[in-house]
Amino acid sequence: MCGIFGYVGSKNASDLVTKGLAKLEYRGYDSWGVTVAHAARAIVDKQTGKLRGKVASLPGSHVGLGHTRWATHGGVTQANAHPHVDCGERIALVHNGIVANDVELRRELAARGHRFRSETDTELVAHLVEEALAPLPPTPESLLTATLAAFRRLAGMNAIVVLDALTDTLAAAKSGSPLVVGFGEGEHWLASDQAAIVEHTRRIAVLGDGQAVLVTRDSARAVDVATGSPRALDVTEAAWTDAHVGLGAHPDYMTKEMHEQPAVWRRLAADDAPLRELARRIEAATDVVALGCGSGFHAALSAEYLFARAGRRVRAMPASEFSHFARFTGPGTLVLALSQSGETIDVLEAVNAARARDARVAALCNVPGSALTRVADLTVPLGAGPERCVVSTKAFTAKLAALILASGDPDDSKRLVTQAADLAGAFLDGPTRTALQNLAARLVHDEHAYVIGRGASYPLALETALKIKEVSYLHAEGFAGGELKHGVIALVAPGTHCIVIAPEDETKSDVLAAAAQVKARGAVVTAIAAEPHPAFDHLIRVPDLGVASHLLGALPGQVLGYELARARGLDPDMPRNLAKSVTVK
Ligand code: F6R
């Protein structure tokens, strides 16, 4: 939710910042903007639309700051794009989060004569910094002092970065939303994500909530927001390299990330020690609650079914609903938080509510050093590498592979997950892909499709439908097969496409019955199954690999969504209205 990139050094800041923003665009792509310090003024170039291929038109400078936006306050206009400047254009500011007390602050600032150029909550923070800076001498320290003073006035969870054109300095403060500092020789970076920095340096430090940092050419120094006292920055080597971040020979990130899945599953199977520890903690807990959002919630629901099979009760719920049940958690509870980014606000709030009641937290998380990994008692790294396509593919199946490994017999599940990795190629490039392209061609002009699964295939039905709708905008709904005849079947008319997930498990006969019922009403049935059946019009063949069939069964939804997006002329990497890492409520 908004990408931030800042630079102080000796290179051309405008170029560096624009390139850095291109690597963060998955966090928001309504509009973008860059500012540089030039002749003691913050000069800004900002535009609506995606950044792709565009360059900022700015004078040469060694200090710059940029932002890609996912709009919260104010429409998608050039005026509302970040950075925002103060009345004197000495400072420029970018922001990730929501200022909860914006109405009061705006009224107060307007009464004191400040002019606003935008409808955003962000701009008022620039004016707060301006006021705090006015009486101070023009030094880097003053920028930090003023940034702290302004930030302490903000309610809500926010991250801000301020550029001072008079002192060639950046200052940042945060109470939520990620910020990473990059360390070089005579140069420093600030970004929302290490993936944007590792091209330049792998020495990074993650800024904690309640911390602020002053960044000059030669130093980056952190302090506590509340007290102003020094805080040590924990400088470590970044987990990712630029090679992980790049596109390689792939046409887009969705393709790249789908193709990376077999390697991710193999790695998880090869080193399952952290998953065995997770299994032990799940076994030892008095109760287990699995939480996530979107695809993360679907993975949590898979946990409920997979552990039930293994005889262990796990309750799944969307992290955003947890607050209604938080009072049932206690010292014996284990919260299993499933999050790619480790920054999703609903997941973090749920985890913090559980921790406040002395519950333990285990995380399945993909981003090392993220907020979730810093609060969890146990983190199992998904090791999927950066996921830059907005829709989740490899991180979802990494969670699923991890859950299959943690819930099953160690040797059997390792063997089956590895076999699934060996067979995934057919879905990504081989004959199954061709079958999915044909299915996409049949669906391309449709408005609705339904996906049916039972048992552990029910979360897959939800995930398949989510993949289709978020990347291709075709309305797809996933259902538990048994629910079909309790209402949903009213939607089925001759020609309606229904996708039926029918693996060789205890759900098969019931799912076949559901397939027959929709077919009897004229539906076109495509099955994701191991064998043909008279109720199926088309078959996407998924070999029977026991519980690991679910891993392969997750691929058709991804590929179908992608092929539909392509057939409809859509960008699979940046779907309408979405952004990755949902750090605001
Ligand atoms: C779906 C998708 C989202 C995320 C959700 C949670 O393709 O990407 O539904 O799964 O926003 O994000 P994380 O896993 O980062 O907590």
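The rules we used
Residues numbered from 1 in each chain as written. Predicted model: local features only at pLDDT ≥ 70, side-chain atom pairs only at ≥ 80, totals over all residues. Heavy atoms only, no water. Helix = DSSP H or I, 4+ residues; strand = E, 2+ residues; numbered from the N terminus. Buried < 20%, exposed > 50% of the residue type's maximum accessible area, 1.4 Å probe, protein only. Contact = heavy atoms within 4.5 Å. Areas by Shrake-Rupley, 256 points an atom, 1.4 Å probe, with all protein chains shown as cover. Polar contact = N/O pair within 3.5 Å; in protein donor to acceptor, adjacent residues only side chain to side chain. Axes fitted to C-alpha atoms, helices over the stretch in contact; angles between N-to-C directions. Parallel < 35°, antiparallel > 145°, perpendicular 65-115°, else oblique. Left-handed = near helix turned anticlockwise from the far one by under 90°. Nonpolar A, V, L, I, M, F, W, Y, C, P; charged D, E, K, R; others polar. Salt bridge = Lys/Arg side-chain N within 4 Å of Asp/Glu carboxyl O. Phe/Tyr/Trp six-rings, centres within 6.5 Å; stacked < 30°, edge-to-face > 60°. Near = heavy atom within 4 Å. Domains from an automatic or database assignment. Pairing = 2+ DSSP bridges. Buried area = accessible area lost by both parts, 1.4 Å probe.

A.B. asks: Break down the overall build of the protein chain for me, citing the residues and quoting the values.
C.D. replies: Counting its regular elements, the protein chain contains 19 helices and 25 strands. Reported as C-alpha extents along the three principal axes, the dimensions of the protein chain are approximately 80 × 50 × 45 Å. Taken over 585 residues, the protein chain has a buried fraction of 60%. For the protein chain, restricting intrachain contacts to residue pairs at least 6 apart in sequence, the fraction spanning at least 24 positions comes to 72%. Counting every atom, the protein chain has about 20700 Å² of accessible surface; 53% of that belongs to carbon and sulfur.

A.B. asks: Can you break down the side chain of H497 residue by residue, with the values?
C.D. replies: On the secondary structure map, H497 appears in strand 23 (residues 497-502). Separated by 2.8 Å, the side chains of H497 and D446 make a polar contact. Setting aside residues no more than four positions away along its own chain, H497 makes contact with R442, L443, D446, A449, Y450 and V524.

A.B. asks: Can you lay out the packing of helix 7 (residues 261-270) against helix 12 (residues 394-407) for me, pointing to particular residues and giving the numbers?
C.D. replies: It is the contact of helix 7 with helix 12, at a shortest axis distance of 9 Å, that shows an interaxial angle of 30 degrees. Accordingly, the angle class assigned to the pair helix 7 and helix 12 is roughly parallel. The handedness of the crossing between helix 7 and helix 12 is right-handed. Across the interface between the two elements, Q261, V264, W265, L268 and A269 from helix 7 touch K394, T397, A398, A401, A402 and L405 from helix 12. The residue inventory of the contact of helix 7 with helix 12, partitioned by class, reads eight nonpolar, two polar and one charged.

A.B. asks: I'd like a description of the pattern of salt bridges, backed by residues and values.
C.D. replies: Two side chains carrying opposite charge are able to pair once their charged atoms lie near each other. Under the defined criterion, the tally for this structure stands at 39 salt bridges. Ionic pairing is found between D272 and K414, a salt bridge with its closest N-O pair at 3.4 Å. Taken together, the residues span a long stretch of sequence, with D272 in the loop between helix 7 and helix 8 (273-284) and K414 in helix 13 (residues 410-423) at a distance of 142 residues. For D272, a relative accessible area of 10% translates into the label buried. Using a relative accessible area of 27% as the deciding quantity, one classes K414 as partly exposed. Between R313 and E304 there is a salt bridge, and its shortest N-O distance comes to 4.0 Å. Residue classification places R313 among the partly exposed residues on the basis of a relative accessible area of 48%. Connected through shared salt-bridge partners, K50, R52, D571 and D573 make up one network.

A.B. asks: Describe the packing of helix 9 (residues 295-309) against helix 12, listing the residues and the values that go with them.
C.D. replies: One way to put it is that helix 9 packs onto helix 12 with a least axis distance of 10 Å and a crossing angle of 15 degrees. Overall, the two elements helix 9 and helix 12 adopt an arrangement that is roughly parallel. Read as a crossing pair, helix 9 and helix 12 show a hand that is right-handed. Residues S295, G296, H298, A299, S302, A303, L306 and F307 of helix 9 form the contact with helix 12, whose participating residues are F396, K399, L400, L403, I404, A406 and S407. For the contact of helix 9 with helix 12, the class distribution of residues is nine nonpolar, five polar and one charged.

A.B. asks: Any details on the packing of aromatic side chains? Residues and values, ideally.
C.D. replies: According to the stated counting rule, one finds two aromatic pairs in the structure shown. Here Y7 and W189 contribute two aromatic rings whose centre-to-centre distance is 5.6 Å and whose plane-to-plane angle is 50 degrees, an arrangement assigned as tilted. With Y7 in strand 1 (residues 3-8) and W189 in strand 10 (residues 188-191), this residue pair connects regions lying 182 residues apart in the sequence. Considered together, Y7 and W189 belong to a single accessibility category, that of buried residues. Ring centres of Y450 and F479 lie 6.0 Å apart, and the angle between their planes is 40 degrees; this geometry places the pair in the tilted category.

A.B. asks: Would you mind going over the site of the ligand in detail, with residue names and values included?
C.D. replies: Lining the immediate environment of the ligand, one finds 15 residues, of which S339, Q340, S341, T344 and E470 sit closest. Q340 is positioned with one of its backbone polar atoms (N or O) 2.6 Å from an oxygen atom of the ligand. Contact with the protein chains covers 88% of the free accessible surface of the ligand, which is 400 Å². Sorting the residues of the shell around the ligand by element identifies helix 9 and helix 16 (457-472) as the ones contributing at least two each. No other element matches the three residues that helix 16 contributes to the shell around the ligand. Considered class by class, the residues forming the shell around the ligand number four nonpolar, eight polar and three charged. Taken domain by domain, the shell around the ligand gets at least three of its residues from each of domain 2 (247-423) and domain 3 (426-573).

A.B. asks: Mind laying out the pairing of strand 23, listing which residues take part and the relevant values?
C.D. replies: Judged by how many residues are buried, strand 23 sits mostly within the fold: six of six residues are covered. Residue alternation in strand 23 divides its side chains into two sets, H497, I499 and I501 and C498, V500 and A502, and both sets are buried. Note that strand 23 and strand 24 (residues 524-529) share six bridges and pair parallel. Looking at the pairing, H497 lines up with V524 of strand 24.

A.B. asks: How would you sum up the domain arrangement of the protein chain? Please name residues and give values.
C.D. replies: Assigned domains of the protein chain: these are domain 1 (3-244), domain 2 (247-423) and domain 3 (426-573). Just the C-alpha atoms count here: the centres of domain 1 and domain 2 sit 32 Å apart. Counting from both sides, the interface comprises 13 residues of domain 1 and, opposite them, 13 residues of domain 2. When domain 1 packs against domain 2, the two sides together hide about 1100 Å² of surface, and 65% of this comes from carbon and sulfur. Interface area lost by domain 1 to domain 2 is led by Y26, W240 and H244, which between them contribute 42%. In this structure, the connection of domain 1 to domain 2 is made through zero salt bridges. Viewed at the interface, domain 2 and domain 1 are joined by two residue pairs in polar contact (both at pLDDT 80 or more). Partitioned by chemical class, the residues of the side of domain 1 that touches domain 2 number nine nonpolar, three polar and one charged.

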